[in-house]
Amino acid sequence: MRWSGVAIALGFAFSCSLPTLAGSVDAPPPDLAPTSEHLATILINHEAALGKPTAGLPDTVIEDWRYTDSGISGKEHLERSGDNYHSRITAGPLVEEFGQFDGKRWHRDYNGSVSPTTQLDDRTFYADYVNEDAADPKNDATVIGITTGDHPAYVVQVKVSGSLHPEWIFYDASTFLITRVERIIGGHHRIVTTFDDFRTTDGVTSPWHMHDAWDPREFDDDYVRTSMQVGVPVDSTQFAQPPSASQLPSYSTIGMRLPAKIYNDGTIVLRMNVAGRGLDLMLDTLTSEDILDEDVATQLNLPTYGHVTRLPNGDYASFYTTIPLATIGASTYKNVVFHAMPYNFQQSWDTKVVGVLGYDFLANNVVEISYDNGGSVTIMPSVAFNAATPVAGGITYPIDFDDGVPFISMPIGDDMSNNVVLTIEFTYSILFGSYIASHTPIAPSDKATTSQADLPFADSDSFGHVISIFPVQPSHISFGSVNFQQPEVVGTDYPLRFSDDRPVDAALGFDFLRWFDVYLDYPHDRIIVKPNQFFFHVTHEHAHV
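Within each chain, residues carry numbers counting from 1 in the order of the written sequence. Per-residue local features of the predicted model are confined to residues with pLDDT of at least 70, and side-chain atom pairs are confined, for both listing and counting, to 80 or more; whole-chain, interface and lining totals are unaffected and use all residues. Excluded from the side-chain calculation are hydrogens and water; included are all heavy atoms of the structure.

A. Spotlight on the pairing of strand S17 (residues 277-283). Burial analysis of S17 places five of its seven residues in the buried class, which makes it a mostly covered element. From the end of strand S16 (residues 268-274) to the start of S17, which pair antiparallel, there are two residues, and Ala 275 there has a positive phi angle of about 50°. Sheet topology places S17 next to strand S22 (residues 351-357); three bridges connect them, and they run parallel. If you follow Asp 280 over to S22, its bridge partner there is Val 353. Remark: exposure states derive from per-residue accessible area (1.4 Å probe, protein chains only) relative to the maximum for the residue type, with buried under 20%, exposed over 50%, and partly exposed in between. Helical segments are the DSSP runs of H or I of at least four residues, strand segments are the runs of E of at least two, and each set is numbered from the N terminus. Two strands pair under a simple rule: DSSP has to find at least two bridges between them.

Shown next as structure tokens:
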């Protein structure tokens, strides 16, 4: 789920759009012959073909892969014990890590920043991807035919519960191993994945080679397993979440004010200099990585490490790159990794935003945002906030990070929500559908103003949804030292989820934050807010302290 692209209809900056889904993308594979084979028989034979682990062996594995992904070469090293695991994945010179310990997942990104996450890890086990969805009783699976030719395969069409699109799984008619899967990614890409070079290791048969065929073919992926050890000892200390190891910026003074503009809609733009060129980047709490417009990356001649960057038809392909040296005011950043993609918008007549500074920028320092008197942004080292109460008169909110996105707990009406995302880039706060539906006192304040908008956070299964947006007025919202009475915020009937394990109840935006000096103290997993001068001048007319 990419949080940085949001709909203009909700008052936010829209970064990119997805193409319209072609009607033929959901069509089943062509030229299938009828078959009388039953699904239950296929699944039983498939389970037998996979085999069982040798009795008495520990449930551990150490394996290595090499791969090519859209032109860039890399490697993966994985160690697993039961459900605990640690992977290290390289892409050219870039390295990221994933892990899970006692059911808690974490991710270390290319800049070394670490965050817990409830997101499913779709990188570590991607190379070992074989779809077993047909055996899941929650899904609708049907045998639709058998392929013809030298290696016939039974084709099972599966509609995964909650998914908009079907997928097709090919079971070899002689071995009953899965040799091919066709699925839809991003709402419009039909990916054909093939599996071969099956080998049996300690009783279990698995493919040692997989290939993804994309359209366009420049995006093809190829994975080859180079080693596999089962039942061997592994170091269990590697599974727990490690500390961040990112490059800390260097700056000359404690409490250094950054070159920043804060606009009337709450948008914060910082000025970064690279190779003598000034770049305007939006500060963003909802993006777990730093982003740079691809045209700018190309003009600066930044490295691509062999990744495909343009398609034959001229379309862009995003890639990761490194800025060797950048400055923001008197602070210096070295070898910072950015995700290069089409990203730009005209914030004002003299400011064109060409990227985002997200979790990587915020993770290792304290950033103070002052919204009154023209606004300012100040950066401070984390050691300056080691005290339990570093801001006199400040109110502390612990942050529950999820892949770098900050969630806080706060009262909405008479109930406490644990799933409020902090959004310094949203002009207006939002209440989402699942929370509104379960809290009947919260309802549209004026149904005549209900309008339609594209779903702002589009993923492969939700793209194309149209949602209703309308003003709502909860009885009160408590934030900081203020109990806002009947505040009007944006509501939607859409039940947004950040991951399978985390719903999003609300997004707290600029309309509430502007009353405070806000300290984003990510190193200590908290934000601190302190009423500002604007608060003291105006709040007596709108809220009870």
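B. Geometry of the pairing of strand S5 (residues 104-108). Counting buried positions along S5 yields four of five residues, so the element is predominantly enclosed. For strand S4 (residues 94-101) and S5, the ladder comprises five bridges, and the chain directions are antiparallel. Residue pairing across strands places Phe 101 opposite Lys 104, the latter belonging to S5. Taking the residues that link successive antiparallel strands as the turn, the S4-S5 hairpin has two residues, and the phi of Asp 102 there is positive, at about 55°. Bridge analysis of S5 against strand S6 (residues 114-117) gives four bridges, and the strand direction is antiparallel. In the sheet register, Trp 106 faces S6, and the bridge partner there is Pro 116. Between the end of S5 and the start of S6, which pair antiparallel, lie five residues, with Gly 112 showing a positive phi angle near 90°.

C. Structural detail: the nonpolar core. Grouping buried Ala, Val, Leu, Ile, Met, Phe, Trp, Tyr and Cys residues that are joined through side-chain atoms within 4.5 Å yields what is termed a nonpolar core. Phe 361, Ile 369 and Phe 479 are the most contacted members of the largest nonpolar core, which has 66 residues in total. If we ignore the near neighbours within four places in the chain, the residues touching Phe 361 are Leu 258, Leu 270, Leu 283, Asp 290, Ile 328, Tyr 333 and Val 367. Membership of the second largest hydrophobic core comes to 30 residues, among which are Tyr 126, Ala 127, Tyr 154 and Met 210. Whether two residues touch is decided by their heavy atoms; if any such pair falls within 4.5 Å, the residues are in contact.

Interpretation note: all reported values are geometric properties and have no functional meaning in isolation.
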